[in-house]
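Each chain, letter by letter, is given below.
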Amino acid sequence: METLTNALTRLHAAGFTRELRAASGPSIVCDCGAKTTPSELHVMATLRFEGASNPDDQDIVIAAITPCGHAGLFSSAYGSAVGFDESGVLAMIGSRGDRFNLAVPVGLPLVSTSREFSSLSTPVALLKAHHLAEEVWGRLNVSVGTVDFCFEYDSGNQLVIRAGEHRDIPPSVMHHVKPSPDALFRIGFYRQRQSSLLGK
């Protein structure tokens, strides 16, 4: 079984590099200084861990995208050891039924669109693990064929995007695509501030 330390290392490598902490309200504070309510988070993954020697020693890790456009990790004790602020955050996140639905935030401006890619013209960088810059969202629109989409932190869960469908891509999170031989697709970029579109 994966340990808490290994999970944190894996998620950090996948792009969740910001630290998120609980505050009164309940609220979440990103290490950039921005404060938000838990209901505004895009939760990407929730992992629970039991203590090696005592199952009552529980921890929870939540990988999320913040409204400020950052990918971060919130970790907390879980169960009887949870703090007051953390308990409020976990209760609010746990009550949401739509928490895994990713969407470009409403009102975020479209700043550029890629040229149309085919399976032969898709940049090699898109076929390998890569990410968008902080504060930049993408929308992958497929017009012909299909494109397989996969987040690196969740490599066993691949999404097939078909002609006429799209996939919204959050900032910073490592992912890759695999177009079908007949695929045609474009990527639109939505930016919150004056940041470069692609991460390093």
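Residues numbered from 1 in each chain as written. Predicted model: local features only at pLDDT ≥ 70, side-chain atom pairs only at ≥ 80, totals over all residues. Heavy atoms only, no water.

**Comments concerning the overall build of the protein**
Put simply, the rule is: Strands here mean DSSP runs of E at least two residues long; helices mean DSSP runs of H or I at least four residues long; both are numbered from the N terminus. Accessibility here uses a 1.4 Å probe with only protein chains present; expressed as a share of the type maximum, an area under 20% marks a residue as buried, one over 50% as exposed, and anything in between as partly exposed. Throughout, a contact is declared for two residues whenever any of their heavy atoms are within 4.5 Å. Here the accessible surface of atoms and residues is derived via Shrake-Rupley with a 1.4 Å probe, and residues count as covered only by protein chains that are part of the display.
Scanning the protein from terminus to terminus reveals 3 helices and 14 strands. When the 200 residues of the protein are sorted by exposure, 42% land in the buried category. The contacts of the protein with a sequence gap of at least 6 include a subset with a gap of at least 24, amounting to 68%. Summed over all atoms, the accessible surface of the protein reaches about 10300 Å², with 52% contributed by carbon and sulfur.

**Some points on the nonpolar core**
To be explicit about the condition: Grouping buried Ala, Val, Leu, Ile, Met, Phe, Trp, Tyr and Cys residues that are joined through side-chain atoms within 4.5 Å yields what is termed a nonpolar core.
One finds F16, M44, L140, Y153 and V173 to be the most contacted residues of the largest nonpolar core, which totals 36 residues. At the level of elements, α1 (4–13), β4 (42–50), β5 (58–65), β6 (71–78), β9 (136–144), β10 (146–151) and β14 (184–191) are the ones that each hand at least two residues to this core. Counting 14 residues, the second-largest nonpolar core is a separate cluster that includes A22, I28, V43 and A64.

**Focus on the pattern of salt bridges**
As a reminder, the rule being used: Salt bridge, as applied in this entry: a Lys or Arg side-chain nitrogen positioned within 4 Å of an Asp or Glu carboxyl oxygen.
In total, this model carries 4 salt bridges according to the counting rule given. Ionic pairing is found between R18 and E134, a salt bridge with its closest N-O pair at 2.9 Å. You can see R18 sitting in strand β1 (residues 18–23) and its partner E134 sitting in the loop between α3 (124–127) and β9, a full 116 residues away along the chain. Salt-bridge contacts for D168 lead to R139; the nearest nitrogen and oxygen are separated by 2.6 Å. Highlighted residues: D168 in strand β12 (residues 166–169) and R139 in strand β9, separated in sequence by 29 residues.

**Some points on the sheet that holds strand β11 (residues 159–162)**
Going by this rule: Whether two strands pair comes down to DSSP finding at least two bridges between them. For helices, the fitted line uses only the C-alpha atoms of the stretch in contact; every axis is such a line through C-alpha atoms, and the angle between N-to-C directions lies from 0 to 180 degrees.
Reading across the sheet, the 3 strands line up as β11-β10-β13 and stay open at both edges, with antiparallel pairing between neighbours. Edge positions in the sheet fall to β11 and β13 (175–179), since each of these pairs with one other strand and no more. The average undirected angle you get between the axes of adjacent strands in this sheet is 25 degrees. Here β10 pairs with β11 via 4 bridges, running antiparallel. Residue F149 lies in a different strand from β11, and its bridge partner there is L159.

**Some points on unusual backbone geometry**
In this model, G25 is joined to P26 through a cis peptide bond whose omega is -5 degrees. With respect to the helices and strands, the residue P26 is situated in the loop between β1 and β2 (27–30). Even without being glycine, E135 reaches a positive phi, approximately 75 degrees. Along the polypeptide, E135 turns up in the loop between α3 and β9. With a relative accessible area of 9%, E135 lands in the buried category.

**Focus: the pairing of β13**
What you see with β13 is a clean split: H175, V177 and P179 sit on the buried side and H176 and K178 on the side with no burial. Two strands pair when backbone bridges link them, and β10 and β13 are joined in this way by 5 bridges, in the antiparallel orientation. Within the sheet, the bridge partner assigned to F149 lies in β13 and is V177.

**Some remarks on the confidence of the model for the protein**
Stated formally: pLDDT: the predictor's confidence for each residue, scored from 0 to 100.
Residues with a pLDDT of 70 or more make up 84% of the protein, whose mean pLDDT is 86. For the protein, per-element mean pLDDT is lowest for helix α2 (residues 84–94), which scores 71, and highest for strand β8 (residues 117–118), which scores 98. Confidence over residues 95–99 falls short of pLDDT 50; this stretch has 9 contacts with residues more than four positions distant or in other chains.

**Observations concerning the environment of Y190**
Inspection of the secondary structure assignment puts Y190 in strand β14. Residue classification places Y190 among the buried positions, given a relative accessible area of 13%. Along the chain, Y190 and P171 lie 19 residues apart, while their C-alpha atoms are 9.9 Å from each other.

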